[in-house]
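Chains, contacts and geometry: an overview
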Amino acid sequence: MTRTPGQRPDETVLDALRTAFPPEWREPALGGEGVARWEAVNGVVLPEPYRTFVAEISNGCSLGPAEDGGLQPLGWLPDGWPDLGERRPGEPFPLEAAWLWEDDEDVDPDDPRIDAVFLHGSVVLGSDDGQSFWLLVTTGPRRGEVWMVSDVAALPVPGPEAWGFAEWVRQWPSDEEWQV
């Protein structure tokens, strides 16, 4: 579990994030103390550049990469999020590779690992279609990566060499199809 803040992102990265989210659509940033309080309660330090984004630029935005409702404020859950229990962003994220449990004959639909994918080691960035959700992994070897989770699978985005938060945001307005 990582509890140490990363190095502050380069200003060009922060400028790109500011540009991607129009000021009139942004929620107020939490400030450094607000982010530190959230991290203390949840037992994790957020990965950069998301940490600085939430502290200094915006704590969510009604426009953004998450098509269905925009970028969620830190700790919020989008409509359609399954009610599986308490989220624990500081617990270990349970996966190191994509997992399509729907096609895995050895997996029971009540397998506790499925709930752990939804509940442990991440923050929810938003929803793609009300049934698929963008996560930013906060712990473990995949820390800092964006993943897509649904009722049938969890996958790093866009593939094994997953994007971090800034790259995910940068790819959103492009005309290219998401490759998940």
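Okay, so let's go over this structure. Keep in mind that what you see is a predicted model, and the values were worked out from it rather than measured.

**Quick word on the overall build of the protein**
From N to C terminus, the protein includes five helices and four strands. Counted from the first residue to the last, the protein has its helices and strands arranged as α-α-α-α-β-β-β-β-α. A globule of 180 residues ought to have a C-alpha radius of gyration of about 16 Å, and the protein, at 15 Å, matches this closely. Seen through its C-alpha atoms, the protein measures out along the principal axes to roughly 45 × 40 × 30 Å. Buried residues in the protein amount to 47% of all 180 residues.

**Notes on unusual backbone geometry**
Residue Glu48 is joined to Pro49 through a cis peptide bond whose omega torsion reads 0 degrees. Secondary-structure assignment places Pro49 in the loop between α2 (31-42) and α3 (50-57).

**Thoughts on the side chain of Thr138**
Relative to the helices and strands, Thr138 is located in the loop between β2 (133-137) and β3 (146-149). Apart from residues no more than four positions distant in its own chain, Thr138 is found in contact with Val44, Val45, Leu46, Pro47, Pro89, Gly121, Ser122, Val123 and Arg143.

**Concerning the packing of aromatic side chains**
The tally for this structure, following the rule as stated, stands at nine aromatic pairs. An angle of 75 degrees between the planes, with centres 5.1 Å apart, marks the rings of Tyr50 and Phe165 as edge-to-face. Residue Tyr50 is located in helix α3, and its partner Phe165 is located in helix α5 (residues 165-171); the two are separated by 115 residues in the primary sequence. Phe165 shares its class with Tyr50; the two are buried.

**Considering the nonpolar core**
Grouped together as the largest cluster of nonpolar side chains are 26 residues, with contacts concentrated most on Tyr50, Phe53, Leu71, Leu125, Phe165 and Trp168. Secondary-structure elements contributing two or more residues to this core are α1 (11-20), α2, α3, β1 (122-127), β2, β3 and α5. If you tally residues by element for this core, the top one is α3, at five residues. Core analysis: the second largest hydrophobic core is formed by 17 residues, Trp99, Val117, Phe133 and Val137 among them.

**Details of the sheet that holds β2**
Sheet architecture is open: four strands sit in the order β1-β2-β3-β4, paired in antiparallel fashion. Only two strands of the sheet have a single partner each, and these edge strands are β1 and β4 (154-156). Neighbouring strand axes in the sheet, compared pairwise and without regard to direction, differ in orientation by 30 degrees on average. Direction of pairing for β3 relative to β4: antiparallel, over a ladder of three bridges. Residue pairing across strands places Val149 opposite Ala154, the latter belonging to β4.

**Focus on the side chain of Thr139**
Relative to the elements of secondary structure, Thr139 occurs in the loop between β2 and β3. Separated by 2.9 Å, the side chain of Thr139 and the backbone oxygen of Glu91 make a polar contact. From its side chain, Thr139 meets the backbone nitrogen of Phe93 in a polar contact 2.8 Å long.

**A closer look at the packing of α2 against α3**
Two measures define how a pair of helices packs: the angle their axes make with one another and the distance between the axes. Running from amino to carboxyl end, α2 crosses α3 at an angle of 130 degrees, the nearest separation of the two axes being 7 Å. By the angle class used here, α2 and α3 are oblique. The crossing of α2 and α3 is right-handed. Taking contact as the criterion, the partners of Gly31, Gly32, Val35 and Glu39 in α2 are, on α3, Arg51, Val54 and Ala55. When grouped by side-chain class, the residues that make up the contact of α2 with α3 number three nonpolar, two polar and two charged.

What counts, and at which threshold
- Residues numbered from 1 in each chain as written.
- Predicted model: local features only at pLDDT ≥ 70, side-chain atom pairs only at ≥ 80, totals over all residues.
- Heavy atoms only, no water.
- Helix = DSSP H or I, 4+ residues; strand = E, 2+ residues; numbered from the N terminus.
- Rg over C-alpha atoms; globule rule 2.2 N^0.38 Å.
- Buried < 20%, exposed > 50% of the residue type's maximum accessible area, 1.4 Å probe, protein only.
- Contact = heavy atoms within 4.5 Å.
- Phe/Tyr/Trp six-rings, centres within 6.5 Å; stacked < 30°, edge-to-face > 60°.
- Core = buried A, V, L, I, M, F, W, Y, C linked by side-chain atoms within 4.5 Å.
- Pairing = 2+ DSSP bridges.
- Axes fitted to C-alpha atoms, helices over the stretch in contact; angles between N-to-C directions.
- Polar contact = N/O pair within 3.5 Å; in protein donor to acceptor, adjacent residues only side chain to side chain.
- Parallel < 35°, antiparallel > 145°, perpendicular 65-115°, else oblique.
- Left-handed = near helix turned anticlockwise from the far one by under 90°.
- Nonpolar A, V, L, I, M, F, W, Y, C, P; charged D, E, K, R; others polar.

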